[in-house]
Amino acid sequence: MSESLSQFLFGLFIVSVFTLAVSLFFYYQSLRRKAFIDMAATMKLHFQYLSYGLPRRLGLLFQFRRGKNRYASNIITGRYKGQLVYLFDYHYTTGDKYSKVRHCQSVAILRHDLRVPEVRIYPPAFMEKVGNVAEYGKIQLHFDDEQFSKQFSVFASETSVMETVFQKPMIEYFLRHPDMSVEVGEGWIATCKEARHIPEEIPRRAEQLVKLHRVFSQIGQGGDRFAEVNTPSSFL
């Protein structure tokens, strides 16, 4: 009898622990969602919790062509300093049903109407995932800065970006953000990290997009001819 009671109490304890863990998880998620809602309100932007369609509509990014079950969460969007931005957590899975792996990244995108060369900048972690797809139809750029060359792979549609974009301030900036990938093309500028967004860092990610846009807008004003520019010191 006592043995049956012990087993019952142990089972009850396991169920209680599981219930508590689930409750804490959902409580944490609700607090995190509220932090995003508050941040969106502070920045006078819009918040949406979940979207399966957004990654498909923004399929221009190589990150959005990987894996299955793609969706975005904690989406903040709207006009930031006059530019249309999207900031969200991006989820997808790889593998089969026996070895499924879930991935989560933080993505920030700015839409623009500039005519600019296509540029892709990947740290090693991203380069391993995008692989040959990233190289397709693009020129790999090589730099004299040995540290930068080790920490990033850079591909572009025009070699002129080596002189117009990748000057010392820009290179130093990327070296201070070794986990960030950047994709630039006609219509978009995007940054991505292999971690979920932190609500308090949303303004900084949005500001990065605006500053990148400022750099590329200087070379995009001339259409197909890219004028030489100096990277603004304000980018730092």
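Per chain, residue numbering runs from 1 following the sequence as it is written. Local features in this predicted model are restricted to residues of pLDDT 70 or higher, and side-chain atom pairs are both shown and tallied only at a pLDDT of 80 or more, whereas totals for entire chains, interfaces and linings draw on every residue. Processing note: side-chain calculations cover all non-hydrogen atoms of the structure and skip hydrogens and water entirely.

## A word on empty space enclosed by the protein
Any space left empty among the atoms is revealed by the rolling of a water-sized probe across them.
Part 1: Space inside and on the surface of the protein is sampled on a 1 Å grid over the protein atoms alone, with a cavity defined as a set of points where a 1.4 Å probe fits but cannot get out and a pocket as an open set with protein on both sides within 12 Å along at least 5 of 7 lines; lining residues have an atom within 4 Å of a point. Grid points are joined across faces, edges and corners, and a volume is the space filled by probe spheres set on the points. Within this structure, the stated rule accounts for one cavity of 30 Å³ or more.
Part 2: Here the largest cavity defines a volume of roughly 30 Å³.
Part 3: What lines the largest cavity is simply Q29, R32, R33, Y49 and N74.
Part 4: The classification used treats Ala, Val, Leu, Ile, Met, Phe, Trp, Tyr, Cys and Pro as nonpolar, Asp, Glu, Lys and Arg as charged, and all other residues, Gly among them, as polar. Residues of the lining of the largest cavity, tallied by class, amount to one nonpolar, two polar and two charged.

## Looking at the nonpolar core
As a rule of thumb, soluble globular proteins bury nonpolar side chains together.
Part 1: Residues V119, I121, F148, V154, V165, F166 and F174 are the most contacted members of the largest nonpolar core, which totals 41 residues.
Part 2: Counting residues per element, this core draws most heavily on helix 7 (residues 202-220), at eight residues.
Part 3: Note on contacts: a residue pair is in contact if any heavy atoms of the two residues lie within 4.5 Å. Those residues in contact with V154 that sit more than four places away from it in its chain are V119, R120, I121, I139, Q140, L141, F143, F148 and F166.
Part 4: L54, Y86, F88 and Y92 belong to the second-largest nonpolar core, a separate cluster that totals 19 residues. Only buried residues count toward a nonpolar core. Its members are Ala, Val, Leu, Ile, Met, Phe, Trp, Tyr and Cys residues joined through side-chain atoms within 4.5 Å. Accessibility here uses a 1.4 Å probe with only protein chains present; expressed as a share of the type maximum, an area under 20% marks a residue as buried, one over 50% as exposed, and anything in between as partly exposed. For helices the rule is a DSSP run of H or I covering at least 4 residues; for strands it is a run of E covering at least 2, with both sets numbered from the N terminus onward.

## As for the packing of aromatic side chains
Remark: the centre distance and the inter-plane angle together describe each pair of aromatic rings, the angle taken between the planes.
Part 1: By convention, a stacked pair of Phe, Tyr or Trp rings (six-membered ring in the case of Trp) has centres within 6.5 Å and planes under 30 degrees apart, an edge-to-face pair has planes over 60 apart, and any other such pair is tilted. For the coordinates displayed, the defined rule picks out nine aromatic pairs.
Part 2: Their ring planes at 65 degrees and their centres at 6.5 Å tell us that F148 and F174 sit as a pair that is edge-to-face. Within this pair, whereas F148 is found in helix 4 (residues 146-151), its partner F174 is found in helix 6 (residues 168-175), the two being separated by 26 residues in sequence.
Part 3: Classification of F148 as buried rests on a relative accessible area of 0%.
Part 4: Overall, F174 belongs to the buried group, its relative accessible area being 1%.
Part 5: Of the aromatic side chains, those joined through ring pairs into one cluster are F143, F148, F152, F166, Y173 and F174.
Part 6: Over the ring of Y49 we find R33; its NZ or CZ atom is 3.7 Å from the centre of that ring. For a ring to carry a charge above it, either NZ of a lysine or CZ of an arginine must fall within 6 Å of the ring centroid while also lying within 35 degrees of the normal to the ring plane.

## Notes on unusual backbone geometry
Part 1: Not every positive phi belongs to a glycine, and N69 is a case in point at roughly 50 degrees.
Part 2: Among the residues examined, N69 registers a relative accessible area of 49% and is labelled partly exposed.

The analysis is restricted to geometry; functional conclusions fall outside its scope.
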